[in-house]
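Report on the structure
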Amino acid sequence: MENDLSKPDLTVIKGGMAPAPGPKKEDFHYAYVTDTRLMGVVGLYVQFKPDRSDHYQDWHQFFYLDAEEYGFETFAGFRGGNREAVAKTEASLFGGLGGRKVRVDFEEASAILKEYVKFNEDHGLEMPAGKEQYGVLLEGDMPDMTGAGFRHIMSLQCAKLSSRKQLVNYFVMRCFGKDLPAAKHLSDIDDLTDIYSDYPAATLCKNTIDKKDDGVYLCESLIEYDDKYALVVTEITVENMKVTKAVKCSGFTISSHEAAIALSKSEYVSVYDIAQDSEGGIYDLSGLISGMFPAANKTDHENGRLFMIFHNNNSHVKKQVYRLNDDISGIVFLSVGGQLLLAAYDEPSIIALEKEIYHSPADPYLSVSGKFKFKEPVLFEFVQNDFIDFDEFLDYMGAF
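Things to note about helix H5 (residues 164-176)
Given a rise of 1.5 Å per residue, 13 residues ought to cover 18 Å, and the 18 Å separating the end C-alpha atoms of H5 matches this to within 8%. Burial of H5 is extensive: eleven of the 13 residues sit out of reach of the surface. Buried within H5 we find Gln 166, Leu 167, Val 168, Asn 169, Tyr 170, Phe 171, Val 172, Met 173, Arg 174, Cys 175 and Phe 176. Where H5 is buried, its residues contact helix H6 (180-185), strand S6 (203-213), strand S7 (216-225), strand S8 (228-239), strand S9 (242-254) and strand S13 (321-323). Count one or two residues on from H5 and you reach Lys 178, which has phi positive near 65°.

Notes on the sheet that holds S9
If you walk across this open sheet you meet the five strands as S9-S8-S7-S6-S13, and the pairing is antiparallel. In the strand order of this sheet, the two ends are held by S9 and S13, each with one partner. Taking each pair of neighbouring strands and ignoring which way they run, the sheet shows an average axis angle of 15°. Of the strand pairs in this sheet, S7 and S8 are connected by ten bridges, and their pairing is antiparallel. By the bridge assignment for S8, Ile 223 is matched with Ala 230. Across the sheet, H5 is in contact with S6, S7, S8, S9 and S13; its angle to S6 comes to roughly 135°.

Things to note about the pattern of salt bridges
One side chain can pair with another of opposite charge once the charged atoms of both are near each other. Following the criterion strictly, the structure yields 16 salt bridges and no others. One salt bridge in this structure joins Arg 174 and Asp 179, with 3.2 Å as the shortest N-O distance. Residue Asp 179 is classed as buried on the basis of its relative accessible area of 1%. The salt bridge involving Glu 354 is made with Lys 371; its shortest N-O contact spans 3.5 Å. You can see Glu 354 sitting in helix H9 (residues 347-358) and its partner Lys 371 sitting in strand S16 (residues 366-374), a full 17 residues away along the chain. Assessed through its relative accessible area of 14%, Glu 354 is described here as buried. Salt bridges sharing common partners tie together Arg 37, Glu 68, Glu 115, Arg 174 and Asp 179.

Concerning unusual backbone geometry
Positive phi is not limited to glycine here, since Lys 178 has a value of about 65°. Along the chain, Lys 178 falls in the loop between H5 and H6. Residue Lys 178 is classed as partly exposed on the basis of its relative accessible area, which comes to 26%. With phi around 55°, Met 241 is a residue other than glycine that occupies positive phi space. Relative to the elements of secondary structure, Met 241 occurs in the loop between S8 and S9.

A few points about the packing of aromatic side chains
Under the criterion given, the structure shown has 26 aromatic pairs. Summarising the aromatic geometry, the rings of Tyr 283 and Tyr 365 are spaced 4.6 Å apart at their centres and angled 55° between planes, so their arrangement reads as tilted. Placement of the pair is Tyr 283 in the loop between strand S10 (267-274) and helix H8 (286-292) and Tyr 365 in the loop between H9 and S16, with a sequence separation of 82 residues. Judged by its relative accessible area of 32%, Tyr 283 is partly exposed. Accessibility expressed as a relative area gives 29% for Tyr 365, which makes it partly exposed. A network of ring pairs unites the aromatic residues Phe 333, Phe 372, Phe 374, Phe 382, Phe 387, Phe 390, Phe 393 and Tyr 396 as a single cluster. The positively charged end of Lys 265 is found above the aromatic ring belonging to Tyr 345, 4.2 Å away from the centroid.

Definitions and limits used
Residues numbered from 1 in each chain as written. Predicted model: local features only at pLDDT ≥ 70, side-chain atom pairs only at ≥ 80, totals over all residues. Heavy atoms only, no water. Helix = DSSP H or I, 4+ residues; strand = E, 2+ residues; numbered from the N terminus. Expected span 1.5 Å × (residues − 1). Buried < 20%, exposed > 50% of the residue type's maximum accessible area, 1.4 Å probe, protein only. Contact = heavy atoms within 4.5 Å. Pairing = 2+ DSSP bridges. Axes fitted to C-alpha atoms, helices over the stretch in contact; angles between N-to-C directions. Salt bridge = Lys/Arg side-chain N within 4 Å of Asp/Glu carboxyl O. Phe/Tyr/Trp six-rings, centres within 6.5 Å; stacked < 30°, edge-to-face > 60°. Lys NZ or Arg CZ within 6 Å of the ring centre and 35° of its normal.

See below:
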């Protein structure tokens with residue numbers, strides 16, 4: 001179950017030239033895939049160059065591929081030599097994935113895309129518009145996805161693991177997400193089946209790993225599915241950096257209140273007032289903030305615009321206690337009431353975010369009005385309410 005906050009905020013960019021006919025196989029120039037399959041989503045970029053001396057003839061194709069729920073979910077393609085458009089689309093689609101780019105050839109890019117197309121076919125999902133552009137990647141038969149072929153295609157999409165904790169966290173995450181191909185990639189269990197068959201596809205919100213014996217670990221997993229929460233305990237055995245045994249020990253539902261307590265952590269919030277212009281209006285800093293954080297996930301709300309900034313890696317999966325939102329490095333919210341709010345979950349991160357603002361073109365328009373530390377996150381409550389002033393929101397919260 002992919003976290004909604006990580007979904008791309010995307011507008012498909014159309015070039016000025018006619019969209020058809022699409023590129024040919026012999027026009028292939030370059031491609032990469034992100035090594036983020038173990039998080040549930042990969043990004044695939046393919047460039048075709050019909051004329052090696054004219055980059056304005058290039059085709060740029062971006063694919064957002066979800067291994068858990070949506071399959072081949074989003075396609076963005078356009079033609080031309082606008083590097084800014086390429087960078088903007090890449091940031092919008094892949095900016096929150098946090099992985100490395102792995103170069104692939106035409107056959108590998110085709111095999112990866114076909115794997116997710118098959119997911120769509122198996123689950124009755126429609127293909128994104130634009131097949132006249134990416135159809136060349138779907139030509140030919142589906143490659144053999146068993147044995148060495150499967151391992152190769154999967155290895156292109158998966159980050160190299162460096163610790164047992166990372167392996168265990170990824171394995172239970174893939175199993176809860178019903179992504180058995182990726183779970184098999186992490187295991188030496190020949191007959192691996194759905195070990196959580198009594199649950200639908202679920203999001204792993206938190207996973208705590210405790211060592212039981214040499215190579216044997218107990219995981220307490222907090223999962224979310226269908227607006228419900230459950231705690232599930234699993235025993236995982238690891239040998240030679242592969243899962244060799246996985247047994248679900250217990251599982252029971254918990255209330256949303258209990259889940260909130262288990263997921264609770266501190267939040268640091270810094271509040272700035274935005275200066276008024278000569279006509280008494282509030283300066284619009286949206287463009288400046290977007291320029292500062294081009295890879296941020298942007299969402300509009302009735303009371304402002306939210307920028308979710310992600311770490312450029314997924315190192316949080318290496319922790320003994322994994323938390324889903326530990327991939328967030330910071331949050332920026334521009335309120336229509338004339339405030340800019342920064343938020344982070346630890347002191348070094350909020351200080352780093354404040355420094356970025358201080359050294360940015362936005363700084364002359366800002367003045368600090370308050371700094372807070374909360375025992376549990378409150379910014380999203382503010383965003384989801386009708387308040388446009390953070391101080392008024394705190395007064396309201398304090399009345400209860």
